[in-house]
Amino acid sequence: MTTIDYAERIPNNVNLASDKALQRALEQWQPDFLSWWKEMGPEGSQALDVYLRTAVSVEPSGWANFDYVKMPDYRWGIFLAPRDEARTVHFGEHIGEPAWQEVPGEHRANLRRIIVTQGDTEPASIEQQRHLGLTCPSLYDLRNLFQVNVEEGRHLWAMVYLLHRHFGRDGREEAAALLQRRSGDTDNPRILGAFNERTPDWLAFFMFTYFTDRDGKFQLCALAESAFDPLARTTRFMLTEEAHHMFVGESGVARTLQRTAEVMRALSTEDPKAVRAAGAIDLPTLQRYLNFHYSVTIDLFGADQSSNAATFYSAGLKGRFDEGKRNDDHRLEGATYAIIDIAGGALVERQAPMLNALNEVLRDDFIRDSVAGIGRWNKVLDKNGIAQRLVVPHKAFNRRIGSLAGVRVSPDGQVVSEAQWQASVAGWLPSAEDRAFVASLMGRVVEPGKFAGWIAPPPIGVNKQPLAFEYVRFG
Amino acid sequence: MNTAALVDVLKQHLIDPEICIRCNTCEETCPVDAITHDSRNYVVDAAKCNACLACIGPCPTGAIDNWRVVRRDDPHAVVAQLTWDMLPVEDDALMRAAMLARHVAAGNVAAGNDAASCADAATPAGMAAAAPRGGPLADPLAIPGASGAVIPPASAAHPQVNLFSMRAPATAIVAGNFRVTDDCADSDTRHIVIDFGAVPFPVLEGQSIGIVPPGLDREGRPHFARQYSVASPRDGERPGYNNLSLTVKRVTADHDGHAVRGACSNYLCDLAKGDAVQVIGPFGNSFLMPDDPAAHLVMICTGTGSAPMRAMTERRRRLANGQGGGSLTLFFGARSQGELPYFGPLTSLPRAFIDINLAFSRMPGEARHYVQDRMRERMSGLARLVADAHTHIYVCGLRAMEAGVIEALADAAQANGDDWEARWRVLKAEGRLHFETY
């Protein structure tokens, strides 16, 4: 068995060098992770030198270590945000008690489930994105994809650390299983539905990182409030990396829109066919991609009424977004929240106990955040003198989870029949033809400083490097 | 001379709203809570930002790294920034005026003008306590460290930074407060020792800490923290104790000579033994001393800029300097002997341990001497040091001294037939030239 130089190979602030139990667990798991990475990580990328950012400490100065790295040699680290000795539980039944440094027996199963569910999404997204490098629109984008991939890998490490450190044998088995499930595998799929969908093209990748990584942000923010302090500190640190993923999505879509707007302006046209013929992605197609990723992502928050959510909150396992900044009693017994229901063939609002509606609370926070970014996308159109706008579809549109799962709802919030849905769905969600068109644009561009015709260059490079910088070296 | 006052400028830290994705990372990172947001924009409060640059690395977009020259008395207000859709264009006229002012100010110093010694010298680490608004970026053309190295010496110990923030400051207890300028001198400079008790607060020589004055300012907001360089070595003012010392000059006038009571310096100078102080930091990860005992240290300072030099000198003294081969050379300027902090203890150090060169600009009946004059007097030795790969140069004190010191260093390089610009690049790249001026 190979021994690992822990301080060098695995940057950490969890005292790994003197934690024998953790070392033993990682000695088993680390080689398995590397073989998983080689099998399921970015395709054809193992020998490339990539200009990556590696976190070597939790201090601001430890953040931005940029250098060329071969991805299998990336130093996946284990970092927890600094501990606040005085931290107390600030919501639920245990409010005011000291935060937990170890897992309380009665919450063991639920905490393990929360950590495994979060951990499972990290390798899943890497698997979903593993073919994208073959169709990258530029070296800059290829590098950003790889940065997202290695950071999702580090997030897996972060969750595995918690499983190894705090959950004993069960934890080790769950950590091993995280490397055994496969996105889209019929026999052994990833836990959450959205993480078994393919990420077939770069527009889907940008939409995924904008919407689905933003779901990650809100889940991590809710877990960063947890009474279980190691989970709170781990997720607090992960948020800094999640921000980069959302940046890739937000700027990726904005650059796509910029190119589309330039083409529309140059041709003085709003005709999608003319835009497509000019090699850009037309606005209706962009809207349909948005509708798809938005609706699939808001399903990730779970059923609109959930007794699990109530239990997790009352027990102090998972808070609300910005729990510490809210002014209420942080127990929520007796509080209510508006959820959407169906009555007499129409959507109606109805008050439900807030404790049971906490998934909906988090979903609505996510929606507010998403809408703000779409407003910034619309500014790109506005600046280019284009009158059309992107909009978010209704919250009940295309839902597969919760009380809205069985109902057909149009993007503007009208309940429609199955026949109406089938007649209109090609205008609401990406069709096979849309996806084929987008795929047809996905030619590989790897000449430094060059960008595919469907996307505009970014305003600035990574780490202030020029756009023509060799972000990836093929050796 | 008034030109400089006419265009007192600030290089204001701003966030580009067109690139920012509102991820909150900068606000989460900022150790002094200078960053805030509304539903539209994330913005930096010029009154709070101390340009520690902690937010720059973590920003995923690069939106954070934007700077605009503004009038110090009229920075872009938070409420205005919150309405922006794009950054304002750089004010070229102001930029040119600022460059001119800098040139004039530098020229005045070389010609022996007052500016170097009469201005407020309260804050070694750069935040002008009496300045009405804004951070320490008095230099319109350079963000901190731009003229010196941004990396520490190769053999420097690893610094701890930002362990305590405004949200959760450390509490220290005053263990002593002594005047270190002559009783009859105009300026009241104090040596203040604070003790952290059981709270770990590790510092290295050259690092600084932030002091949070209690109470509220005239606008009813909490005071922002002021930074002070640590004047004691890493193992404490008293070896083995968890304490450190600061060198603080009581501020009684602003840069233009108007009477102003510096909020933080007066608070510190009036502290009594046993008082509690709120402390944040430590800060600084490049102005650090080499641990290599063979390294030569050239220390050039004025007034309270002596604090980090005292820390480094004391570190070397405790390690029985000389055995490793590294030398200490000090150029230290003040108005008069009585106003030179630590004059007594300093002059009692053996000559074989440290080569001390004092410059006084206001000794009755004597010509005015500045540190660069003393450097020129020692040109042959200085030239040897500048060329030596073991030499590390530290400059701390009033910004006005910078130009004269650089000219003297350039002359020293030329005395070796060396190209100063090339030498300067090497010194910077190897973390061997450091500026802390204010």
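Residues numbered from 1 in each chain as written. Chains lettered and ligands numbered in written order. Predicted model: local features only at pLDDT ≥ 70, side-chain atom pairs only at ≥ 80, totals over all residues.

Novice: Would you mind showing me how to read the overall build of chain B here?
Specialist: Across its full length, chain B holds twelve helices and 15 strands. Scored against the burial criterion, the 438 residues of chain B give a buried share of 50%. For chain B, long-range pairs separated by at least 24 residues make up 77% of all intrachain contacts whose partners lie at least 6 apart in sequence. (Helix = DSSP H or I, 4+ residues; strand = E, 2+ residues; numbered from the N terminus. Buried ≥ 20, exposed ≤ 12 C-beta atoms within 10 Å, placed from the backbone. Contact = placed C-beta atoms within 7 Å.)

Novice: In this structure, what is going on with the environment of Glu241(A)? I would like to understand it.
Specialist: Residue and element names in this part refer to chain A. You can see Glu-241 is positioned in helix α7 (residues 229-267). Sequence-wise, Glu-241 and Lys-217 are 24 residues apart; in three dimensions their C-alpha atoms are separated by 9.6 Å. In contact with Glu-241, not counting residues within four places along its chain, are Glu-151, Arg-154 and His-155.

Novice: I keep staring at the interface of chain A and chain B and nothing clicks. Help me out?
Specialist: Accessible area lost on assembly of the parts is the figure often given for the size of an interface. Of the residues lining the interface, 17 residues belong to chain A; the matching set on chain B comes to 19 residues. A per-class count over the side of chain A that touches chain B returns nine nonpolar, three polar and five charged. (Nonpolar A, V, L, I, M, F, W, Y, C, P; charged D, E, K, R; others polar.)

Novice: What am I meant to see in the nonpolar core here?
Specialist: Side chains of nonpolar character tend, in soluble globular proteins, to be buried together. Grouped together as the largest cluster of nonpolar side chains are 227 residues, with contacts concentrated most on Val160(A), Met207(A), Met299(B), Ile300(B) and Tyr394(B). It is helix α4 (residues 139-166) of chain A that contributes the most residues to this core, 15 residues altogether. Ignoring any residue separated from it by four or fewer positions in sequence, one finds Met207(A) in contact with Gly249(A), Val253(A), Tyr289(A), Leu290(A) and His293(A). (Core = buried A, V, L, I, M, F, W, Y, C linked by C-beta atoms within 7 Å.)

Novice: What is the right way to read the packing of helix α6 (residues 202-223) of chain A against α7(A) from this model?
Specialist: The angle between the axes and the distance between the axes are what describe a pair of packed helices. Residues and elements named next belong to chain A. Where α6 contacts α7, the axes come no closer than 8 Å and their chain directions differ by 155°. Comparing their axes, α7 and α6 come out roughly antiparallel. Note that α6 runs across α7; the crossing there is left-handed. Among the residues making up the contact of α6 with α7, the classes are represented as 15 nonpolar, seven polar and five charged. (Axes fitted to C-alpha atoms, helices over the stretch in contact; angles between N-to-C directions. Parallel < 35°, antiparallel > 145°, perpendicular 65-115°, else oblique. Left-handed = near helix turned anticlockwise from the far one by under 90°.)

Novice: How do you make sense of unusual backbone geometry when you look at a structure like this?
Specialist: Working note: non-glycine residues mostly have negative phi, and peptide bonds are mostly trans. Gly281(B) connects to Pro282(B) through a cis peptide bond whose omega is -5°. Relative to the helices and strands, Pro282(B) is located in strand β10 (residues 276-283). In this structure, Ser268(A) is a non-glycine residue whose phi angle is positive, near 50°. For Ser268(A), a count of 7 C-beta atoms within 10 Å gives the class exposed.

Novice: It is not clear to me how the sheet that holds strand β1 (residues 49-54) of chain A should be interpreted in this structure. Could you clarify?
Specialist: Sheet strands associate in pairs through backbone hydrogen bonding, adopting either a parallel or an antiparallel arrangement. Residue and element names in this part refer to chain A. Ordered in space as β2-β1-β5, the three strands form an open sheet in which the pairing is antiparallel. Looking at strand neighbours, the two that pair on one side only are β2 (65-70) and β5 (472-473), the edges of this open sheet. With six bridges connecting them, β1 and β2 associate as antiparallel partners. In the strand pairing of β2, Thr-54 is matched with Asn-65. (Pairing = 2+ DSSP bridges.)

Novice: What's the story with the sheet that holds strand β9 (residues 243-249) of chain B in this structure? I'm lost.
Specialist: Residue and element names in this part refer to chain B. Taken in spatial order, the six strands make up an open sheet running β8-β7-β10-β5-β6-β9, and their pairing is antiparallel. With one partner strand each, in any of the chains shown, β8 (226-229) and β9 form the two edges of the open sheet. Here the average twist between neighbouring strands, direction ignored, is 40°. Examined bridge by bridge, strand β5 (residues 170-179) and β10 share four bridges and lie antiparallel to one another. Pairing of Ile-173 across the sheet is with Ala-276, part of β10.

Novice: Sorry if this is basic, but what is going on with the confidence of the model for chain B here?
Specialist: Detail in the predicted coordinates should be disregarded across regions flagged by low pLDDT. Residues and elements named next belong to chain B. Across chain B, the average pLDDT comes to 81, with 85% of residues at 70 or higher. Per-residue pLDDT, averaged within each element of chain B, yields its smallest value for helix α5 (residues 115-118) (29) and its largest for strand β3 (residues 42-44) (96). Low pLDDT, under 50, characterises residues 1-6; the stretch is placed with nine contacts to residues that sit more than four places away or in other chains. Ignoring residues within four places in sequence, the model shows residues 103-146, a span with pLDDT below 50, making 134 contacts including any to other chains. (pLDDT = per-residue confidence, 0-100.)

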